[in-house]
Amino acid sequence: EAAVTQSPRSKVAVTGGKVTLSCHQTNNHDYMYWYRQDTGHGLRLIHYSYVADSTEKGDIPDGYKASRPSQENFSLILELASLSQTAVYFCASGTGGVNQDTQYFGPGTRLLVL
Amino acid sequence: SQLAEENLWALSVHEGESVTVNCSYKTSITALQWYRQKSGEGPAQLILIRSNEREKRNGRLRATLDTSSQSSSLSITATRCEDTAVYFCATDRGNMGYKLTFGTGTSLLVDP
């Protein structure tokens, strides 16, 4: 069974503070993704990675950094959290490649920035 | 504009009825996926249908794909309360199959 875990599951942060969201996968997948979900916007891709020590920008990367220290771990970093970054964040993993594949999602992290 | 979008924001049916969720997309694709997201959980894939397929089934679920009209449908027969969830379609971006674009989702409520 595919397994993607996220920590923390919820977090309250202050505006201007630093927030790190962590993701761990045991699927042995090359690709990992960070999405944010807001009501009415579905899932939007923030950053992704296809190999350790390398990350790529997604569709909405501004205000976010990512780190992939190993194949299993992928972090999302908000250096200066802002109110507009209040959302639910999902991590996913997949085999990637040219042909579309299944993405396996974690349970999400609910972030509230005050 | 959305590259993929479901056609209705919300649906409500009674348990045992059938329901169809529709999706339209704007770019050429290699495949389209349907995901379901239950409250408090991450999305989970239901069906992946490739561009050379017209129909795919998974138990009570049936997905169709019409590449000429750039549309897809997901039908659920004999609905159960546990089918209550948000249903998303997701498409790739041509030769970037690893990058998905998700629709905004259709919320389905199945009443007992």
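Because the structure is predicted, anything quoted here is derived from the model rather than measured.

### A look at unusual backbone geometry
Residue and element names in this part refer to chain A. With omega at -10°, the peptide bond leading from Ser7 into Pro8 counts as cis. By secondary structure assignment, the location of Pro8 is in the loop between strand 1 (4-7) and strand 2 (10-13). Positive phi, normally seen in glycine, also occurs at Asn28, with a value near 60°. Along the chain, Asn28 turns up in the loop between strand 3 (19-25) and strand 4 (31-38). Backbone geometry places Asp53, a non-glycine residue, at a positive phi of 70°. Mapped onto the elements of the fold, Asp53 is located in the loop between strand 5 (42-51) and strand 6 (54-57). On the basis of relative accessible area, Asp53 is assigned to the exposed category, the value being 68%.

### Some details on the environment of A:His24
Residue and element names in this part refer to chain A. Within the fold, His24 resides in strand 3. Considered as a pair, His24 and Ser93 are 69 residues apart in the sequence and their alpha carbons are 9.2 Å apart. Excluding residues that lie within four positions of it along the chain, His24 makes contacts with Ala3, Val4, Thr5, Glu72 and Asn73. A distance of 2.9 Å separates polar atoms of two side chains, one belonging to His24 and the other to Asn73.

### A short note on the packing of aromatic side chains
Using the criterion set out here, one finds 12 aromatic pairs over all chains in the structure. Geometrically, the ring pair formed by B:Tyr35 and B:Phe102 is tilted, given 5.4 Å between the ring centres and 55° between the ring planes. Of the two residues, B:Tyr35 sits in strand 4 (residues 31-37) while B:Phe102 sits in strand 10 (residues 96-102), which places them 67 residues apart along the sequence. Residue classification places B:Tyr35 among the buried residues on the basis of a relative accessible area of 0%. The exposure class assigned to B:Phe102 is buried, which follows from its relative accessible area of 2%. An aromatic cluster of three or more residues is present, and its members are A:Tyr31, A:Tyr33, A:Tyr35, A:Tyr48, A:Tyr50, A:Phe105, B:Tyr35, B:Phe88 and B:Phe102.

### A few points about the state of the cysteines
Enumeration over the complete set of coordinates arrives at two disulfides over all chains. Between the sulfur atoms of A:Cys23 and its disulfide mate A:Cys91 the distance is 1.9 Å. Its torsion about the S-S bond being -75°, the disulfide of A:Cys23 and A:Cys91 is classed as left-handed. In this pair, A:Cys23 sits in strand 3 while A:Cys91 sits in strand 9 (residues 87-94), placing the two residues 68 residues apart along the sequence. We classify A:Cys91 as buried; its relative accessible area is 0%. A sulfur-sulfur separation of 2.0 Å characterises the disulfide bridge that pairs B:Cys23 with B:Cys89. Its S-S torsion of approximately 70° makes the covalent link between B:Cys23 and B:Cys89 right-handed. Placement of B:Cys23 in strand 3 (residues 19-25) and of B:Cys89 in strand 9 (residues 85-93) is noted, with a sequence separation of 66 residues between them. What makes B:Cys23 buried here is its relative accessible area of 1%.

### Structural notes on the pairing of strand 4 of chain A
All names here are of chain A. Most of strand 4 is tucked away, with eight of its eight residues classed as buried. Neither face of strand 4 is left uncovered, since the one carrying Tyr31, Tyr33, Tyr35 and Gln37 and the one carrying Met32, Trp34, Arg36 and Asp38 both have all their residues buried. As defined by bridge partners, strand 4 adjoins strand 9 across seven bridges and the pair is classed as antiparallel. Paired with Tyr31 across the strands is Gly94, a residue of strand 9. Bridging between strand 4 and strand 5 involves seven bridges; their strand directions are antiparallel.

The rules behind each value
- Residues numbered from 1 in each chain as written.
- Chains lettered and ligands numbered in written order.
- Predicted model: local features only at pLDDT ≥ 70, side-chain atom pairs only at ≥ 80, totals over all residues.
- Heavy atoms only, no water.
- Helix = DSSP H or I, 4+ residues; strand = E, 2+ residues; numbered from the N terminus.
- Buried < 20%, exposed > 50% of the residue type's maximum accessible area, 1.4 Å probe, protein only.
- Contact = heavy atoms within 4.5 Å.
- Polar contact = N/O pair within 3.5 Å; in protein donor to acceptor, adjacent residues only side chain to side chain.
- Phe/Tyr/Trp six-rings, centres within 6.5 Å; stacked < 30°, edge-to-face > 60°.
- Disulfide = S-S within 2.5 Å.
- Pairing = 2+ DSSP bridges.

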